[in-house]
Amino acid sequence: MKLLALLPFAALLGGCDFVVLAPAGDIAAQQRDLVVISTVLMLIIVLPVMALTVFFAWRYRQSNAAAPYEPEWDHSTQLELVIWSAPLLIIICLGALTWMGTHLLDPYRSLGRIAADKPIESKDAPLNVEVVALDWKWLFIYPDYGVAAVNELAAPVDRPIRFRITASSVMNSFYIPALAGQIYAMPGMETKLHAVANKEGTYRGFSANYSGAGFSGMHFDFKSLSATDFDKWIGSAKASSNMLGRTDYLQLERPSQNDPIRLYRSVDRDLYKAILNMCVEPGKMCMSEMMAIDAKGGLGREGFNNTLPLTYDKYARRGAPLGSEPTFVAGICSMDEIKDAPSHEITAPLDLTPLRGFGLKRPPFSPAHPSSTSLLLGQRPKSES
């Protein structure tokens, strides 16, 4: 009966593939070696301590009258040397190992080799992949090929992969155990990861950071393919009927669970940049533009008026501080752009009051006399008295 009770646990262990200890990529293999070496070094201390604990408990038990009894003993130079020197040497080795591993396995560091016996050559151009963590799915954009995929990632064997990673809303963690270590994906920020796959196969990737109700289904397949099969995969993506523009992305961004694999034959060339700068919505100012304005001194208190309502904000506001309705900062354009616009689009003088905090005065406006000041999109023109 006891044997039968252990069968489910044996079946569970039999289903484990120990992918962390048997990875398919060189970076993951080096990380595996780092873990194994660190564990062995620590066991050099742990195992003798455990063995001596049992030995002393047995040797100096109360019933063993033959054991020496020395109540006045308090010091041994030889024993002190052994007790302190061995751990010190282990700490030095672990410190050196950690220092080298921290620099050699830095996820932002470009690869120096394909495998232990295969250095990178000039012909080994990296595969660029832009990764976006959504709720609750993964979007992979291939800017060099103009295609994209949801919940499926493919790469050729022995070709360096350069990931650029961000998120749409909450923080996630991008992790393919067979390829490399995990790295976080955060909205408005970009992390990077360099890796390479050395074996063909299909491996599991997932989010290693809890992100809400659909977290358990936030996983994808990583396909390590031959060069020929990868070209076929790109061809199947180009044959898809799906296209991923900004409007399509805003629909895709909506929270959903257990999404099927989808391929896109074309992608807006600036989509990833807009996602990273949190300005996919029409008219929204990008963070890079906002930081450029702030670097020049900002718009001041009057800049608070420079907002527009979000057309879509998932289930609720994201904490906008400017009122009951969700808002965002609008884009800006120059007066030259207004001058070149059709005359029927300019129906009234423009209100440049929000720009006064930027050190600008309100000039008389006429399409025939353009000014070098800026117009804040989204501000309703007002007639002068």
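Higher on the page you've got the structure.
Bear in mind that the values here come from a model prediction, so they are computed numbers and not experimental data.

Asker: Hey, could you run me through the sheet that holds strand β7 (residues 161–167) in this one?
Answerer: Two pairing modes exist for strands in a sheet, parallel and antiparallel, and in both the strands are linked by backbone hydrogen bonds. What the six strands build is an open sheet, ordered β10-β7-β3-β4-β5-β14; its pairing is mixed. The sheet terminates laterally at β10 (191–195) and β14 (262–264), the two strands that pair on one side only. The mean inter-strand angle of the sheet, taken between neighbouring strand axes irrespective of direction, is 20 degrees. Where strand β3 (residues 127–134) and β7 come together, seven bridges link them in parallel fashion. In the sheet register, Val131 faces β7, and the bridge partner there is Ile165.

Asker: So what exactly am I meant to see when it comes to the pairing of strand β9 (residues 180–185) here?
Answerer: Within a regular beta strand, the side chains point alternately toward one face of the sheet and then the other, so they alternate between its two faces. Sheet topology places strand β8 (residues 172–176) next to β9; four bridges connect them, and they run antiparallel. When the bridges of β9 are listed, Phe174 appears paired with Ile183.

Asker: How do you make sense of the packing of helix α2 (residues 26–59) against helix α3 (residues 77–104) when you look at a structure like this?
Answerer: Each pair of packed helices can be summarised by the angle the axes make with each other and by the distance between the axes. At a minimum axis separation of 9 Å, α2 and α3 run at an interaxial angle of 170 degrees. What the angle tells us is that α2 and α3 run roughly antiparallel. Contacts between α2 and α3 involve Leu34, Ile37, Ser38, Leu41, Met42, Ile44 and Ile45 from the first element and Ala86, Pro87, Ile90, Cys93, Leu94 and Leu97 from the second. Considering only residue class, the contact of α2 with α3 consists of 12 nonpolar, one polar and no charged.

Asker: Even after reading the chapter, I still don't get the nonpolar core, so can you show me in this structure?
Answerer: Within soluble globular proteins, side chains that are nonpolar generally end up buried alongside one another. In this structure, Tyr142, Leu153, Phe163, Phe174 and Phe222 are the most contacted members of the largest nonpolar core, which totals 43 residues. Apart from the residues lying within four places of it in its own chain, the contact partners of Tyr142 are Leu127, Asn128, Val129, Val147, Leu153, Ala154, Phe230 and Trp233. If you look at the next biggest cluster of nonpolar residues, it comprises 20 residues, including Leu139, Ile275, Cys279 and Cys286.

Asker: I keep staring at helix α4 (residues 227–238) and nothing clicks. Help me out?
Answerer: Side chains three or four residues apart in an α-helix point the same way, a direct result of the helix having 3.6 residues per turn. Taking 1.5 Å of rise per residue, 12 residues should cover 16 Å, and α4 covers 17 Å from first to last C-alpha, within 8% of that figure. Residues Phe230, Trp233, Ile234 and Ala237 constitute the buried set of α4. For α4, the arc enclosing every buried residue in end-on projection is 100 degrees, short of the 170-degree limit, so these residues lie on one face. Residues Thr228 and Lys232 are exposed on α4 and point more than 90 degrees away from its buried face. On its buried face, α4 sits against β3, β4 (137–142), β5 (147–150), β6 (152–156), β12 (219–225) and β14.

About the thresholds
- The residue numbers shown here count from 1 along each chain, following its written sequence.
- At least 70 in pLDDT is required for a residue's local features to be given in this predicted model, at least 80 for side-chain atom pairs to be given and counted, and no such filter applies to totals for whole chains, interfaces and linings, which use all residues.
- Calculated side-chain values reflect all of the structure's heavy atoms, with hydrogen atoms and water omitted.
- Strands are labelled as partners when DSSP assigns at least two bridges between them.
- Each helix is a run of DSSP H or I of at least 4 residues and each strand a run of E of at least 2, with the numbering of both proceeding from the N terminus.
- Simply put, an axis is a line fit to the C-alpha atoms, just over the touching stretch for a helix, and the angle between two N-to-C directions goes from 0 to 180 degrees.
- The cut-offs work like this: below 35 degrees is roughly parallel, past 145 is roughly antiparallel, 65 to 115 is roughly perpendicular, and the gaps in between are oblique.
- Any pair of residues with heavy atoms lying within 4.5 Å of one another is described as a contacting pair.
- Amino acid classes used here: Ala, Val, Leu, Ile, Met, Phe, Trp, Tyr, Cys and Pro are nonpolar; Asp, Glu, Lys and Arg are charged; the rest, including Gly, are polar.
- Here, nonpolar core refers to any group of buried Ala, Val, Leu, Ile, Met, Phe, Trp, Tyr and Cys residues whose side-chain atoms link them within 4.5 Å.
- Think of it in three bands: with a 1.4 Å probe and only protein chains considered, a residue is buried below 20% of the maximum accessible area for its type, exposed above 50%, and partly exposed in between.
- One less than the number of residues in a helix, times 1.5 Å, gives the span that helix is expected to have.
- This arc corresponds to the set of directions leading from the helix axis out to the C-beta atoms.

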